[in-house]
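Spelled out, the chains give:
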Amino acid sequence: MVYFILKRLLQSVFVMLAVALLAFSLFRFVGDPVSQMTGVETSVEDRERLREELGLNDPFIAQFARFTGDMLQGDFGFSYRTRQPVAEMIADRIPATLELGTVALIISLIVGIPAGVYTALRPRGFITQTILMTTLVGVSIPTFVIGIMLIFLFGVQLGWLPTFGRGGTVEIGGWTSSLFTIDGWRALILPALTLGVYQLTLTMRLVRAEMMEVLRSDYIRFATARGIPYRRLHFRHALANTMIPVITIIGLQFGGVIAFSIVTESVFQWPGMGLLFLESIRFVDIPVMGVYLVVIAFFFVLVNLLVDMLYIAIDPRLRVKEAA
Amino acid sequence: MRSRNLMWSAALAAVMATAGSAAMAETFRWAATTDPQTMDPHAVNAAPVLSFLNNVYEGLVRRGRDMSIEPSLATSWTPLEGENGWRFTLREGVTFHDGATFTAEDVLFSYQRASDEASDVRSWFAPVTDVRVVDEFTIDFVTNAPNPLFPDGIANFMILDSGWAEANDAALPARDAENYATRNTNGTGPFTVASRDPGVETRLVPHDGWWDTDRGNVTEAVLTPIGNAATGLAALLSGEIDFIEPVPLQDVAQVEGRDGFKVIEGEETRVIMFGFGHEHDTLLYSSDVTDANPFTDPRVRLAAAHAINIDAIDRVVMRGKIDAASQLVPAGISGYSEANADRPAYDPDRARELLAEAGYPDGFSFGLKCTNDRYINDEALCRAAASMFAAVGMNAELTTVPVRNYWEQLRADDFDMYLLGWSPGTFDAEHPIRFLLHSQDDEKKLGSWNFGNYSNARVDELLPQIQQELVPATRQSLIDEIVAITQEEVAYIPLYVQPLIWAMQDNIDVTQRADNFFMLRWVSVN
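Every chain is numbered independently, its residues counted from 1 as its sequence is written. Chains and ligands are labelled by the order in which they are written, letters from A for the one and numbers from 1 for the other. Predicted model: local features are reported for residues with pLDDT of at least 70 only, side-chain atom pairs are reported and counted for 80 or more only, and whole-chain, interface and lining totals are derived from all residues.

Further remarks concern the overall build of chain B. Helix numbering and strand numbering both begin at the N terminus, where a helix is a DSSP run of H or I of at least 4 residues and a strand a DSSP run of E of at least 2. Looking only at helices and strands, one finds 16 helices and 19 strands in chain B. Between the two quantities, the radius of gyration covers C-alpha atoms and the globule rule is 2.2 Å times the number of residues to the power 0.38. Taken over the C-alpha trace, chain B has a radius of gyration of 25 Å; the compact-globule value for 526 residues is 24 Å, and the two agree within 12%. Seen along its three principal axes, the alpha-carbon backbone of chain B occupies a region of about 85 × 70 × 45 Å. Partly exposed residues are those whose C-beta has more than 12 but fewer than 20 other C-beta atoms within 10 Å; 20 or more makes a residue buried and 12 or fewer makes it exposed, with C-beta atoms placed from the backbone. Looking at chain B as a whole, 48% of its 526 residues qualify as buried. Counted over contacts in chain B with a minimum sequence separation of 6, partners at least 24 positions apart contribute 69%. For every residue pair, C-beta atoms are placed from the backbone, and the pair is scored as a contact if these atoms sit within 7 Å.

Turning our eyes to something else, we now look at the overall build of chain A. Helix and strand content of chain A: 14 helices and two strands. A principal-axis box enclosing the C-alpha atoms of chain A has dimensions of 85 × 60 × 35 Å. Looking at the 324 residues of chain A, the share that counts as buried comes to 39%. Considering only contacts in chain A between residues 6 or more positions apart, those separated by 24 or more positions represent 71%.

All names here are of chain B. When DSSP finds two or more bridges between a pair of strands, those strands are recorded as paired. In spatial order, the strands read 4-5-7-6; together these four strands make up an open sheet with antiparallel pairing. Each edge of the open sheet carries a strand with a single partner, namely strand 4 (74–79) and strand 6 (128–135). Taking the axes of each pair of neighbouring strands and ignoring which way they run, one obtains an average angle of 20° across the sheet. Two strands pair when backbone bridges link them, and strand 5 (residues 85–90) and strand 7 (residues 138–143) are joined in this way by five bridges, in the antiparallel orientation. Bridged to G85 within strand 7 is V142. Working convention: axes come from line fits to C-alpha atoms, limited for helices to the stretch in contact. Angles between N-to-C directions cover 0 to 180 degrees.

All names here are of chain B. Here F517 shows up in the loop between strand 18 (508–509) and strand 19 (524–525). As a C-alpha pair, F517 and N54 span 463 residues in sequence and 8.3 Å in three-dimensional space. When sequence neighbours within four positions are dropped, the list of residues in contact with F517 reads S51 and N54.

The next point concerns the confidence of the model for chain B. Residues and elements named next belong to chain B. For every residue, the predictor reports its confidence as pLDDT, a number between 0 and 100. Across chain B, the average pLDDT comes to 91, with 95% of residues at or above 70. Below pLDDT 50 for its whole length, residues 1–24 participates in two contacts with residues either more than four positions away or in separate chains. Predicted complex metrics record ipTM = 0.85 and pTM = 0.87.

So, on to unusual backbone geometry. All names here are of chain B. In this model, E245 is joined to P246 through a cis peptide bond whose omega is -5°. Here P246 shows up in the loop between strand 11 (243–245) and helix 8 (252–256). Despite not being glycine, V490 shows a phi value in the positive range, around 50°. Mapped onto the elements, V490 comes out in the loop between helix 16 (472–488) and strand 17 (492–505).

Attention now goes to the domain arrangement of chain A. All names here are of chain A. For the domains described, the bounds stem from an automatic or database domain assignment. When the domains of chain A are assigned, the result is domain 1 (2–72) and domain 2 (86–318). For domain 1 versus domain 2, the distance between C-alpha centres works out to 32 Å. Contributions of two or more residues to the side of domain 1 that touches domain 2 are made by helix 1 (2–30) and helix 2 (33–37). For the side of domain 1 that touches domain 2, the element with the highest residue contribution is helix 1, accounting for 11 residues. Residue polarity follows a fixed list, in which Ala, Val, Leu, Ile, Met, Phe, Trp, Tyr, Cys and Pro are nonpolar, Asp, Glu, Lys and Arg are charged, and the others, Gly among them, are polar. Considering only residue class, the side of domain 1 that touches domain 2 consists of 11 nonpolar, three polar and two charged.

Opposite the 37 residues of chain B that make contact, chain A presents 39 residues. Within the residue set of the side of chain B that touches chain A, elements represented by two or more residues are helix 7 (229–237) and helix 13 (403–411) of chain B. Among the elements that take part in the side of chain B that touches chain A, helix 7 of chain B stands out by supplying five residues, more than any other.

This paragraph deals with helix 10 (residues 230–259) of chain A. Residue pairs three or four apart in sequence face the same way in an α-helix, which turns once every 3.6 residues. Residues and elements named next belong to chain A. Residue count minus one, scaled by 1.5 Å, sets the expected span of a helix. Between the first and last C-alpha of helix 10 there are 40 Å, a value that for 30 residues agrees with the 44 Å anticipated at 1.5 Å per step. Bend, in this description, refers to the angle at a residue between axes fitted to the seven residues ending there and the seven starting there. Of all the bends in helix 10, the largest measures some 40° and sits at L239. Residues A238, T242, V246, I250, Q253, F254, G255, V257, I258 and A259 constitute the buried set of helix 10. Considering only its buried residues, helix 10 is in contact with helix 5 (86–121), helix 8 (182–215), helix 9 (218–226) and helix 13 (286–314).

All names here are of chain B. Within strand 16 (residues 417–422), five of the six residues are buried, which leaves the element mostly enclosed by the surrounding structure. As paired strands, strand 12 (residues 261–276) and strand 16 are joined by six bridges and run antiparallel to one another. Within the sheet, the bridge partner assigned to I272 lies in strand 16 and is G421.

Let's shift gears to the packing of helix 9 of chain A against helix 10 of chain A. Residue and element names in this part refer to chain A. Put simply, helix 9 and helix 10 touch, their axes get as near as 11 Å, and they point 150° apart. Relative to helix 10, the element helix 9 is oriented roughly antiparallel. When the axes of helix 9 and helix 10 are compared, the crossing they make is right-handed. Contact residues: helix 9 offers I220, A223 and T224, while helix 10 offers L233, H237 and A238. Taken together, the residues that form the contact of helix 9 with helix 10 break down as four nonpolar, two polar and no charged. Angular relationships are summarised with four words: roughly parallel below 35 degrees, roughly antiparallel beyond 145, roughly perpendicular across 65 to 115, and oblique for the angles in between. Should the near helix be turned anticlockwise from the far one by less than a right angle, the crossing is termed left-handed; should it be turned clockwise, right-handed.

Residue and element names in this part refer to chain A. With respect to the helices, strands and loops of the structure, L278 is situated in helix 12 (residues 273–282). Assessed through the 15 C-beta atoms surrounding it within 10 Å, L278 is described here as partly exposed. It is 38 Å that separates the C-alpha atoms of L278 and V2, two residues lying 276 residues apart in sequence. Setting aside its immediate chain neighbours within four residues, L278 contacts I262 and S266.

Now for the environment of A104(B). Residue and element names in this part refer to chain B. If you trace the backbone, A104 turns up in helix 3 (residues 104–114). Look at A104 and you get buried, because 20 C-beta atoms sit within 10 Å. In this structure, A104 is in contact with L90, V133, E136, F137, T138 and I139, ignoring residues within four places of it in sequence.

Here we come to the pairing of strand 1 (residues 27–32) of chain B. Residue and element names in this part refer to chain B. Within strand 1, five of the six residues are buried, leaving the element largely enclosed by the surrounding structure. Inspection of the sheet shows strand 1 paired to strand 10 (residues 220–225) by six bridges, in the parallel sense. Bridging across to strand 10, A31 finds its partner in T224. Pairing geometry for strand 1 and strand 11, over three bridges, is parallel. What sits directly across from W30, in strand 11, is F243.

A few words now on helix 9 (residues 298–307) of chain B. All names here are of chain B. Most of helix 9 sits out of view: eight of its 10 residues are buried. Regarding helix 9, the residues found buried are V300, R301, L302, A303, A304, A305, H306 and A307. Structurally, helix 9 contributes buried residues whose contacts are with strand 12, helix 11 (348–357), helix 12 (378–391), strand 15 (394–401) and strand 17.

Here you go:
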């Protein structure tokens, strides 16, 4: 097991290097950082000097080598836009994104799994059809439109919830959390819902499909024949077997939720990593963009690893294989 | 039942109104699309930074509500006798936020800091050859030639406390890594930065020891950057934000239509224009003319100008909020040429005639390059213009790019015709002449935004005369001559002056200044 984890972590370094290389080769197309760092009155000469100082005239490979070299030594560099240390900027924004992503995930599970079970058990019912239709609509509308609609309904028309930001935050050992105040939760609901809608639909449809599959299988028929109570049959036997593929997909999706919270964060001015990345693109802030993408790659690797471990924990057959 | 409901809602409204006003009197919240990148007044010469820091730091002179130059940390200034330059008499009894006294030493220090290679505002001091402290409250700025506009040019030159900067290791602006002045401030201005979370929230509170009294009643101000226009609008309408700018044109009616909000419209000093590749030998994006550049012929450029229907653009693209421009500065700016206030009329027949005269009776195709995120509705403007050009036979192939890629492409001469917006930093007609009309000259630092390299020997000759001329009438006649030349040669096609649209809660009073700077001291919460 330890060997397995170490192997995966080592692989993650290569994944991150590959992502960094890919990102760096794209940065040339993002724009010219120097134009964004200087005012209109700055002379051509001063601009060139800045370009030279930043090493932007160096060949691509040299720039990439410097970036990765510094990074391996724990030096994440300084932002072109704010001149702050990049490590600090990203670390400051991680809690907001993780809390948003986690709450979105929890919402999608709490609603998605029961809804999936219900729609599988009563596949032709009116409520089932209604649920399926609404979630289809929810998944077809782009995230930013959902976000704006929620803001205008609950923020502007009804005035129940704040329209932007994190609300009241509490700092606990360097982790800025919005989970410990009412205001924080009020601010969290809409963005988490927006981010979670897609995930929710996916979870529900997956649970429904798997559950219907399992319900048709022989052991369920046999158990039904044996007279096992339906409640026990559905939740103890059927659902448990449904969950294995569901957990895999949901787990893999979580990496995506963190990475693609960019749109939601922008719509709600949610001060997470995604918003920072968006601002950095606008200012061609290459150091921040580079580190952000590497961090996201690391998250993906980490989540995949956790999913694999969870898989082993849930499915006894894999444990046997591992032991053998 | 019905009356009880009414009673309840009336009571609720009363409670909310009192709660609202009590909270408002304390705090003013405003949103801007861009967070100031730094708190260092010399590190970045960008509007979001200078606009914000003008609330915290002050210069020797400042701009009033009507953009006129008025005394600030200097009480008066006179030309030096016997040499070129200006003597500034400084205000006595001014203290920095940390209590230190303001003296001529701070001005000298700030000059050295701002004119250093690490500073992004050093171009303001290009004409300065020497700065001398005469006594504690008198300082001389010596320039290489007579420079009547020097005081206007340094209105955003902000003064730091020398002791504070040196004690905190911030004697120079941060170049790569941040320094103390990147996030901390110590100015003489009406507000001090109480807390700052970059990109999230910045809080200001009044500086009690401020020397002036022209200040509204804001006791705490919170700046929240909101990049997404729809989110900003929602925040305003929900009452969480008291003021936003800019408001997208298409949302103005929605804000105006609601009770409790108001919109202030004005004109920015920014003129939107089309430029040409004057120096290109051939068109880059043409499918039919590949061996010549028709835009080198002034008749073709004039034809392009006649093809533009500015009223239609105003109506369709800009929702009736613009004024047409005839030259590179809007009316009201010093040096505006009243004598040349007419622009080429919309006349497609004349345009076709001119094209035929120039040898293109069937027109030609070319590339039009535009931004899609820099100016108000810039992409829509270019689409409209492209169809207007096409109507006279000039088939524009439109390419729109984000501003972060745009300047690089223009500097690489990758265009046939391009869009540009220009706001004169000194609020004088000399500014666009220096940057947009003078031939490109990197050594003299002239024509640095003249991407198409429009070049006219007479314009180049007149610029230094305008810079040094002390008699206003003579100066104006020199500027008039340049405007006449560039209009005749159609160096650019000035289109219109960009509107400035601010929206706020009804109980907020602000002063909108044409440079789009937001001055907290002119904000009152009623």
